[in-house]
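For reference, the chains in residue letters:
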Number of protein chains: 2
Amino acid sequence: MNPPDFGGPAGDNATDQVDRLIALLAKLPGMGRRSARRAALKLLRDPGGLMLPLADAMRSTAEAVRPCRICGNLDTTDPCRICTSPSRDQDVLCVVEGVADLWALERARVHRGLYHVLGGVLSAISGVGPEDLRIEALLARVGAGEIGEVILALPATVDGATTAHYLHDRLRSSGVVVTRLAQGVPMGGALDVMDDGTLAAALKARRPA
Amino acid sequence: MNPPDFGGPAGDNATDQVDRLIALLAKLPGMGRRSARRAALKLLRDPGGLMLPLADAMRSTAEAVRPCRICGNLDTTDPCRICTSPSRDQDVLCVVEGVADLWALERARVHRGLYHVLGGVLSAISGVGPEDLRIEALLARVGAGEIGEVILALPATVDGATTAHYLHDRLRSSGVVVTRLAQGVPMGGALDVMDDGTLAAALKARRPA
Ligand SMILES: [Zn+2]
Ligand SMILES: [Zn+2]
């Protein structure tokens, strides 16, 4: 598809600027070239209404929010507020694929322990190996001795199950109890689309891995 | 749906900032709450890759781009480069619903005259009347006497047809030739999703309104 052409001389600023905005918007998940154009137009129609607040929110969030060095969560403090909270159970560690899953579990308010964000799952097809995930950091946390249970809250996919098996093997020698989410998570389902009740039931009925 | 809860004290900054970012992203066309969350996570994972460039593009575009006082196009100059271009036909005026349609026609490179952006179409259901559109400005431009033909390039919808009829009536006394896009634009079709060939054919075969 061609960029918008304002009919001016080659390389004019409006084309360049609006094109660049559209190209960047099109990189957002769920956005195509066409919806990016519609979004750019909506933004341009009333810059003060959405475009400037959004630009400010992105800049301030980019400056303030970073990954937690302990668990991989995103927060304005490092270590994050979950890792440093005195009210969370320090001996139960919930392992998730990504921050979206951590957010889903927090929204459901079903886990009061700590988290560990793997940053993905093992995948032969995508070439994701153990060294690509935060697995050594997980083993180090568990090896430090304060964790009594590791909950593997991984997606109910082939790659998720492979990863759960792999982690269970690696954690066996540590003596920690390893559990996984109960049946109730539908096959192939991503955690972050499930309703709170399903998440709560699956977590409550968790069983040894 | 609940906001992400980082488990920290009430009103903590990470929740507020990320929530605000998600809420603003969700206002973009085509974005839902879930895709806004996914977009926020993608942005937060590598702020320098997309979030900061996008914030900068939005801010600089917001500061640079504004509506043309003559035609309603969006450009970094006012009047816009189309209105001030010596190479465009000054006597053919193409009336479109919105800037998206102007961009579509420019991408197709099928109209070498000027434009007039109405800012919508008449709609009894949505309560859009003539006073809500840039119709007086259109009549004033045509009344100034340099326009020989007005092309009504409006959507092939009931509201588009109503608007075309209304404009044809209002333009009758001016003596200007009023045409509309030929059949070839499918019923109910928005101009900005059509391929260049369809737009070119419809424009070339335009006939009196
Ligand atoms: Zn943390
Ligand atoms: Zn203009």
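Not measured: the values here are computed from a predicted model.

1. Overview of the overall build of chain A
- Secondary structure assignment for chain A yields 8 helices and 7 strands.
- Taking contacts inside chain A between residues at least 6 apart in sequence as the whole, the part at least 24 apart equals 55%.
- Of the roughly 9100 Å² of accessible surface on chain A, 54% is carried by carbon and sulfur atoms.

2. Structural notes on the coordination of the zinc ion (ligand 1)
All names here are of chain A.
- The protein atoms that coordinate the zinc ion (ligand 1) are C68 (SG), C71 (SG), C80 (SG) and C83 (SG), at distances of 2.3 Å.
- One way to put it: the 4 donor atoms around the zinc ion (ligand 1) meet at angles of 103 to 116 degrees, and that makes the site tetrahedral.
- Summarised as a motif, the one-chain spacing of the donors to the zinc ion (ligand 1) is C-x2-C-x8-C-x2-C. A residue pair is termed long-range when its members are at least 10 positions apart, and C68 in the loop between β1 (66-67) and β2 (74-75) and C80 in the loop between β2 and α4 (81-84) qualify at 12 residues. Residue C68 shares its accessibility class with C80, and that shared class is buried.

3. Overview of the pattern of salt bridges
- Here the structure, examined in full by the defined rule, presents 14 salt bridges over all chains.
- The salt bridge involving A:E63 is made with A:R59; its shortest N-O contact spans 3.4 Å. In this pair, A:E63 and A:R59 both sit in helix α3 (residues 47-64), 4 residues apart, roughly one turn of the helix.
- Across the pair B:R172 and B:D169 runs a salt bridge whose closest N-O atoms are separated by 2.8 Å. B:D169 carries the same exposure label as B:R172, and that label is exposed.

4. Observations concerning the domain arrangement of chain A
- According to the domain assignment, chain A contains domain 1 (8-64) and domain 2 (74-208).
- Each of domain 1 of chain A and domain 2 of chain A has a C-alpha centre, and the two are 36 Å apart.

5. So, the UniProt feature "zinc finger region: C4-type" (unreviewed entry) in chain A
- With numbering aligned to this structure, UniProt lists the feature "zinc finger region: C4-type" (unreviewed entry) at residues 68-83 of chain A.
- For residues 68-83 of chain A, the end-to-end C-alpha separation is 8 Å, with 19% helix and 12% strand making up the annotated structure.

6. Things to note about the coordination of the zinc ion (ligand 2)
Residue and element names in this part refer to chain B.
- Taken together, the protein ligands of the zinc ion (ligand 2) are C68 (SG), C71 (SG), C80 (SG) and C83 (SG), with distances of 2.3 Å.
- Given 4 donor atoms and angles of 104 to 117 degrees at the metal, the environment of the zinc ion (ligand 2) is assigned as tetrahedral.
- When the donor residues of the zinc ion (ligand 2) are listed from N- to C-terminus, their spacing reads C-x2-C-x8-C-x2-C. In this pair, C68 sits in the loop between β1 (66-67) and β2 (74-75) while C83 sits in helix α4 (residues 81-84), placing the two residues 15 residues apart along the sequence.

7. Focus: the environment of A:L25
- Following the sequence through the fold, A:L25 ends up in helix α1 (residues 13-25).
- Accessibility expressed as a relative area gives 0% for A:L25, which makes it buried.
- Residues within four places of A:L25 in sequence aside, it is in contact with A:M31, A:A36, A:A39, A:A40, A:L43, B:L28 and B:L54.

8. A short note on unusual backbone geometry
Residue and element names in this part refer to chain A.
- In this chain, D78 is followed by P79 through a cis amide linkage whose omega measures 5 degrees.
- With respect to the helices and strands, P79 occurs in the loop between β2 and α4.
- In this structure, R109 is a non-glycine residue whose phi angle is positive, near 50 degrees.
- Mapping R109 onto the fold places it in the loop between α5 (99-108) and β4 (114-117).
- The class of R109 is exposed, set by a relative accessible area of 58%.

Calculation notes
Residues numbered from 1 in each chain as written. Chains lettered and ligands numbered in written order. Predicted model: local features only at pLDDT ≥ 70, side-chain atom pairs only at ≥ 80, totals over all residues. Heavy atoms only, no water. Helix = DSSP H or I, 4+ residues; strand = E, 2+ residues; numbered from the N terminus. Contact = heavy atoms within 4.5 Å. Areas by Shrake-Rupley, 256 points an atom, 1.4 Å probe, with all protein chains shown as cover. Donors = N, O, S within 2.8 Å, 3.2 Å for Na, K, Ca; no water. Tetrahedral: all angles 85-135°; square planar, octahedral: opposite > 155°, others 65-115°. Buried < 20%, exposed > 50% of the residue type's maximum accessible area, 1.4 Å probe, protein only. Salt bridge = Lys/Arg side-chain N within 4 Å of Asp/Glu carboxyl O. Domains from an automatic or database assignment. UniProt positions renumbered as here; feature names shortened; annotations may be inferred.

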